[in-house]
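Coordinate inspection notes
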Amino acid sequence: MAAANGCGQEREMQKTYWVENSADLTVEAMMLDSKASDLDKEERPEVLSMLPPYEGKSVMELGAGIGRFTGELAQKAGQLIAMDFIDNVIKKNESINGHHKNVKFLCADVTSPDLNISDESVDLIFSNWLLMYLSDKEVENLAERMMKWLKVGGHIFFRESCFHQSGDSKRKYNPTHYREPRFYTRVFKGCHMPDSSGNFFELSLVSCKCIGAYVRNKKNQNQICWIWQKVLHRGFVSTGGIETTKEFVSKLELKPGQKVLDVGCGIGGRGLLYGHFEVADCTTKKYPDNTFDVIYSRDTILHIQDKPALFRSFYKWLKPGGKHMARCLRTLVFMRFIAEDRTDQFKEVLQRELNAVEKDKDAFIEDF
């Protein structure tokens, strides 16, 4: 309840702030800068030039304001939703850009649970100075919702003021969150989601750069833009990726409510299939006896020197009848066990992965 109250206070504070600062409905008021008109002429084309192709596609503009970008987006988009949470602001936008018949104008708060956008319905989500008016938790929640709204292969573009304010307008108070850029990168990089077919998707960073117009005119590098793309999750280092991971996890015959310990989970590929994450050293970590139904590890135990001690810990941590699955090299487990030689399978998988990399070598090197 405290968290909910905190979010409510945040929204009320931000709404009050923008009601006070949007009374004039001018570019200067929207950009909170006395030189906004000159900046806009240079900055707006630069921002638009960064966008991925969206001709004929479905676009959603969050925090659309009085429509500085709405008209430009409408000229190329197939359908455009322009959204803002201040009523007179979105009405001003509609009065300017309402002649574009492919635009739907919506007065709504992006944090509202009542905001109903269909999953996988949008090709491009665009926002300019929006997330800095949300709390940390609201940013995290919105990032997850944006990913759900986005089609596979679709893009998210957002631009924020980082570190400190840029506009010179005088304000009674300033509730803006001038964050470090790494906060936004961490939040969006951490977005993962499954679909009904068992596939997992993530947001892949396409670009991150500052606005040149602010560097040239204000010696200011804190205006930063990100572009993310929704792609099939690639968060697997182990050979075979999700294919072999699903195969091995299926052998665990997991049931709802069971507790699993994944030793050496890496960057979390298989963890998306069944759990949450903890940073710890399995050789020193202590758990109560009879805690886990399954202990799973892959490509990990071969790196641990005192294997007998580790397996004694595993034995204590497992519930009676619990399972331990490991893929390692020349490791003896003094329990009842089943050993399978998967050498041929992994030689085939490795060759397939090598062929795929060599086929797209240049793209792989550029991405890396």
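The chain appears in an unreviewed UniProt entry as phosphoethanolamine N-methyltransferase from Rubus argutus.

Per-residue pLDDT for the chain averages 83, and the proportion of residues at 70 or more is 83%. Here helix 10 (residues 271–274) is the element of the chain with the lowest mean pLDDT, 51, and strand 1 (residues 58–62) is the one with the highest, 98. Taken as a whole, residues 1–6 scores under 50 in pLDDT and shows zero contacts with residues more than four places along the chain or in a different chain.

In this section: the sheet that holds strand 1. With mixed pairing, the eight strands of this open sheet are ordered in space as 3-2-1-4-5-8-7-6. The sheet is open, and its two borders are formed by strand 3 (103–107) and strand 6 (192–194), each paired with just one other strand. Between one strand axis and the next, the sheet turns by 20° as a mean value, whatever way the strands run. Two strands pair when backbone bridges link them, and strand 5 (residues 150–161) and strand 8 (residues 223–232) are joined in this way by seven bridges, in the antiparallel orientation. Counted as the bridge partner of Phe157 is Ile227 from strand 8.

Packing of helix 6 (residues 136–149) against helix 7 (residues 181–189) brings their axes to within 9 Å, and their N-to-C directions diverge by 40°. Compared by their axis directions, helix 6 and helix 7 come out oblique. When you trace helix 6 past helix 7, the crossing you get is right-handed. In this structure, helix 6 uses Asp136, Val139, Glu140, Ala143 and Met146 to contact helix 7, whose residues at the interface are Phe183, Tyr184, Arg186, Val187 and Phe188. For the contact of helix 6 with helix 7, the per-class residue count stands at seven nonpolar, no polar and three charged.

How each quantity is defined
Along each chain, the written sequence defines residue order, and numbers are assigned to residues from 1. Local features in this predicted model are restricted to residues whose pLDDT is 70 or higher, and side-chain atom pairs enter the listing and the counts only when it is 80 or higher, whereas totals over whole chains, interfaces and linings include all residues. In computing side-chain values, all of the structure's heavy atoms are included and hydrogens and water are not. Confidence per residue, as judged by the predictor, is encoded in pLDDT with a range of 0 to 100. Secondary structure elements are taken from DSSP: a helix is a run of H or I of four residues or more, a strand is a run of E of two residues or more, and numbering for both begins at the N terminus. The criterion used for residue contact is that any of the two residues' heavy atoms lie within 4.5 Å. What makes two strands pair is DSSP finding at least two bridges between them. Axis geometry follows a simple rule: fit a line to the C-alpha atoms, using only the stretch in contact for helices, then measure angles between N-to-C directions, giving values from 0 to 180 degrees. Angles are sorted into four bins: roughly parallel if under 35 degrees, roughly antiparallel if over 145, roughly perpendicular if 65 to 115, and oblique for all others. Should the near helix be turned counterclockwise from the far one by less than a right angle, the crossing is left-handed, whereas a clockwise turn marks it as right-handed. Residues are grouped as follows: nonpolar covers Ala, Val, Leu, Ile, Met, Phe, Trp, Tyr, Cys and Pro; charged covers Asp, Glu, Lys and Arg; every other residue, Gly included, is treated as polar.

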